[in-house]
Amino acid sequence: MQEDPRNETESFLQHVDDKGNDNVELDTLQDILVTPHARYRTAEYDSQDFDDDVEHIGDGSDALLGSGGRTRGNERIPSGTGRVWPQVGSIVVECAPTLLMTTISLLFTGELLDRVSRWRAMSTIDELIMIIPVVLNLKGNLEMNLSARMGTAANMGELDDKSAQRKIVGGNLALLQVQATVVAFIAACVAMLLGLLVPELSSGPVDPFPQNSTLSLTARLPRPPPPLGGKPKSGLIEFTMVASSAMMSACLSSIVLGSFMCFLVIICRRYGRDPDNIAPPIASCLGDLVTLSLLGVISSILINVVNTPIPLICVILTILSATVCVFLVRRNNSVKDLIYQGWVPLFGAMVISCATGIVLDMFASRYQGFPLLAIVISGLPGSVGSIFVSRLSTALHAASANACLHKSEPSPKLVMVTLTVITIPIEILFLCTLRAFGWLKLPIIFAVLSVLFFCCAVFTSLVVARWLTNFLWSKGLDPDTYALPIHSALMDLIGQLLLVLCFEIISLLGMNL
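Residues numbered from 1 in each chain as written. Predicted model: local features only at pLDDT ≥ 70, side-chain atom pairs only at ≥ 80, totals over all residues. Heavy atoms only, no water.

**Q** Talk me through the confidence of the model for the protein; I want residue IDs and the actual numbers.
**A** Confidence in the prediction for the protein averages 75 pLDDT; 73% of positions are at 70 or higher. Highest mean pLDDT in the protein belongs to helix H10 (residues 310-330) (93); lowest belongs to strand S2 (residues 76-78) (33). Here residues 15-82 scores under 50 on pLDDT; set against residues more than four positions off or in separate chains, the count is 108 contacts. Within the model, the stretch residues 200-229 combines pLDDT values under 50 with 83 contacts to residues more than four positions away or in other chains. (pLDDT = per-residue confidence, 0-100. Helix = DSSP H or I, 4+ residues; strand = E, 2+ residues; numbered from the N terminus. Contact = heavy atoms within 4.5 Å.)

**Q** Help me get a handle on the pattern of salt bridges, residues and values and all.
**A** In the structure shown here, the tally under the stated rule is four salt bridges. A salt bridge links Glu 94 to Arg 273, with the shortest nitrogen-to-oxygen separation between them at 3.3 Å. Here Glu 94 is found in helix H4 (residues 84-116), whereas its partner Arg 273 is found in the loop between helix H8 (235-270) and helix H9 (275-302), with 179 residues between them in sequence. Since its relative accessible area comes to 3%, Glu 94 is described here as buried. For Arg 273, a relative accessible area of 33% gives the class partly exposed. Note that Asp 160 and Arg 269 form a salt bridge whose closest N and O atoms lie 3.0 Å from each other. With Asp 160 in the loop between helix H6 (126-155) and helix H7 (162-197) and Arg 269 in helix H8, the pair connects residues that are 109 residues apart, well separated along the chain. Owing to a relative accessible area of 30%, Asp 160 belongs among the partly exposed residues under this scheme. (Salt bridge = Lys/Arg side-chain N within 4 Å of Asp/Glu carboxyl O. Buried < 20%, exposed > 50% of the residue type's maximum accessible area, 1.4 Å probe, protein only.)

**Q** Any chance you could break down the state of the cysteines for me, citing the residues and the numbers?
**A** By definition, a disulfide links the sulfur atoms of two cysteines through a covalent bond. Per the counting criterion, the structure on display carries zero disulfides. Here Cys 456 stays unpaired: no disulfide links it, and the sulfur of Cys 455, its closest cysteine neighbor, is 7.0 Å away. (Disulfide = S-S within 2.5 Å.)

**Q** Help me get a handle on the packing of helix H12 (residues 370-400) against helix H15 (residues 479-508), residues and values and all.
**A** Running from amino to carboxyl end, H12 crosses H15 at an angle of 150 degrees, the nearest separation of the two axes being 8 Å. With respect to H15, the axis of H12 lies roughly antiparallel. Considering the relative orientation of H12 and H15, their crossing is right-handed. Touching Phe 370, Leu 373, Ala 374, Ile 377, Ser 378, Pro 381, Gly 382, Gly 385, Ser 386, Val 389, Ser 393 and His 397 of H12 are Pro 479, Asp 480, Ala 483, Leu 484, His 487, Met 491, Asp 492, Gly 495, Gln 496, Leu 499, Val 500 and Phe 503, all from H15. (Axes fitted to C-alpha atoms, helices over the stretch in contact; angles between N-to-C directions. Parallel < 35°, antiparallel > 145°, perpendicular 65-115°, else oblique. Left-handed = near helix turned anticlockwise from the far one by under 90°.)

**Q** Please set out the nonpolar core residue by residue, giving values where relevant.
**A** In terms of nonpolar packing, the biggest core is built from 60 residues, with Ile 131, Ile 132, Met 150, Leu 159 and Met 261 touching the most fellow members. Contributing elements (two or more residues each) for this core: H4, helix H5 (120-124), H6, H7, H8, H9, H10 and helix H11 (343-363). It is H6 that contributes the most residues to this core, 14 residues altogether. Leu 159 has contacts with Met 150, Ala 153, Ala 154, Gln 165, Ile 168, Val 265 and Ile 266, leaving out every residue within four places of it along the chain. Ala 148, Val 415, Phe 453 and Ala 465 belong to the second-largest nonpolar core, a separate cluster that totals 56 residues. (Core = buried A, V, L, I, M, F, W, Y, C linked by side-chain atoms within 4.5 Å.)

**Q** Any details on the side chain of Arg 149? Residues and values, ideally.
**A** Along the chain, Arg 149 falls in helix H6. A polar contact is formed between the side chain of Arg 149 and the side chain of Asn 172, at a distance of 2.9 Å. Residues contacting Arg 149, with those up to four places away along its chain left out, are Asn 172, Leu 175, Leu 338 and Asp 480. (Polar contact = N/O pair within 3.5 Å; in protein donor to acceptor, adjacent residues only side chain to side chain.)

**Q** Account for the packing of aromatic side chains, with residues named and values stated.
**A** The description of two aromatic rings rests on the distance between their centres and on the angle between their planes. Tallying each qualifying case throughout the model produces four aromatic pairs. Taken together, a centroid distance of 5.1 Å and an interplanar angle of 55 degrees make the contact between Phe 446 and Phe 503 tilted. Of the two residues, Phe 446 sits in helix H14 (residues 444-474) while Phe 503 sits in helix H15, which places them 57 residues apart along the sequence. You'll find Phe 446 and Phe 503 in the same group, each marked buried. Taking 5.2 Å as the distance between ring centres and 10 degrees as the angle between the ring planes, the aromatic pair formed by Trp 467 and Phe 471 counts as stacked. Here Phe 471 and Trp 467 lie together in helix H14, a separation of four residues that amounts to about one turn. For Phe 471, a relative accessible area of 36% gives the class partly exposed. (Phe/Tyr/Trp six-rings, centres within 6.5 Å; stacked < 30°, edge-to-face > 60°.)

**Q** Which residues make up H12, and what are the values?
**A** The terminal C-alpha atoms of H12, which comprises 31 residues, lie 44 Å apart, in line with the 45 Å expected from a rise of 1.5 Å per residue. Most of H12 is tucked away, with 29 of its 31 residues classed as buried. (Expected span 1.5 Å × (residues − 1).)

**Q** Could you give an account of H14, with specific residues and numbers?
**A** For H14, spanning 31 residues, the distance from its first C-alpha to its last is 45 Å, which sits close to the expected 45 Å at 1.5 Å a residue. Once H14 finishes, Gly 476 follows within two positions and takes phi at roughly 80 degrees, a positive value.

**Q** Residue-level account of the UniProt feature "transmembrane region" (unreviewed entry) in the protein, with values.
**A** Under the present numbering, the feature "transmembrane region" (unreviewed entry) in UniProt falls on residues 173-198, 246-266, 278-303, 309-330, 342-364, 414-438, 444-468 and 489-511. As annotated, residues 246-266 has a helix share of 100% and a strand share of 0%, and its two end C-alpha atoms lie 29 Å apart. (UniProt positions renumbered as here; feature names shortened; annotations may be inferred.)

**Q** Describe in detail the packing of H6 against H7, supporting the description with residues and values.
**A** Axis separation between H6 and H7 bottoms out at 8 Å; the angle between their running directions is 155 degrees. It follows that H6 is roughly antiparallel to H7 by the angle criterion. In terms of crossing hand, the pair formed by H6 and H7 is right-handed. Of the residues that constitute the contact of H6 with H7, the class distribution is 21 nonpolar, three polar and four charged. (Nonpolar A, V, L, I, M, F, W, Y, C, P; charged D, E, K, R; others polar.)

Printed below as a string of structure tokens:
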């Protein structure tokens, strides 16, 4: 008969007490049978969970969990049944305020853009108006990529060690400076090229190159006549003015917003929140708001010294700063490979957004309220998709590294439904706000149809997010870097096409807004 484990444990304790010291040999400990507490279990997969992982490991479905299920290893977590709805509740609590804040920020950005476009610098140099959608689109994607990378690192426990945390945060901030400088310079080149090729656009009120759903309100902005004096004396001086304004605003925005996003991810990790649910939408909406504010302020300052060497000096100093950051990035093992990656999706997204600009230009004047409604039907589904991409990417990285992420109960379909349901009240609240403040008179049928098409846009965003993430991963490309720019651009286009379809149906029914 096998000896009772409790008797064996008591004899061992007696043996230790007789020796009168704390030296316990490892082989003695291995002979003890330990029964874990009934209320706890370690964060490991049981046989059923393992079978589910084998089934879903390729599509990243093990990322679909709330923050309550994330652990930092084999730590003890309370055991129990009925964990599905607490997990779903965690997703709702984390995502709903974030998406609501995103919608409010979109409205503020549109109002700010309306005001900034009337400032002296913008009315004097037309290319400063043209550069806004380009630089905001590219910069917004950079911030979303940063938040996705940091969220993955946090959920895999890489930020728990202080030294590793400083290395990862510092490397990502230096990388963001390099990327911001490059994209701002390219945005300035694009704006100047547009000014040369399409000079008639600068005299009209239409936004020539819409790149982001946030900027839909730029359509048909009334432009005041340029002030007397202060006009750049040559095209080179004008380009220097545009480049210096764009590069300085992008770099300062990267410092402010990049630091905030890293801080936000670390705080989420510390207090048990899932940064994948919070960081990407905030990065997108705050990125537009902060960058646009800085661009307006800096251009208003530099327009007073436009014919002096000061703008050129600002460009040189910004390039020198980016060069220093290049050396810092190449010495940082955690981000040195990223300096060569991610450029193709950034500029690919810019090309896709050209089609969005064509749609906006064709229908913004035909349908009353089209730019205003396009803010939510394009921006909010894109934010939901960015959350989904970030969660799936975290799971794929964890599976690749054999990291221990606790398997949660919600299935991919359940989480997709949860994210869809979260956004419906926000859309309804947005439409009610438009009607209450008299910004747009919406017939009941149009409101119902717009909500239905909005749900279609959200569902499409989630499906595209899942397919795109898995496709890029199967090709050996990091979704944290490649997925979000393409997904954002596609949802801008799809959302506006669905909105056009909604307006067309209303027109066929003989109703007008």
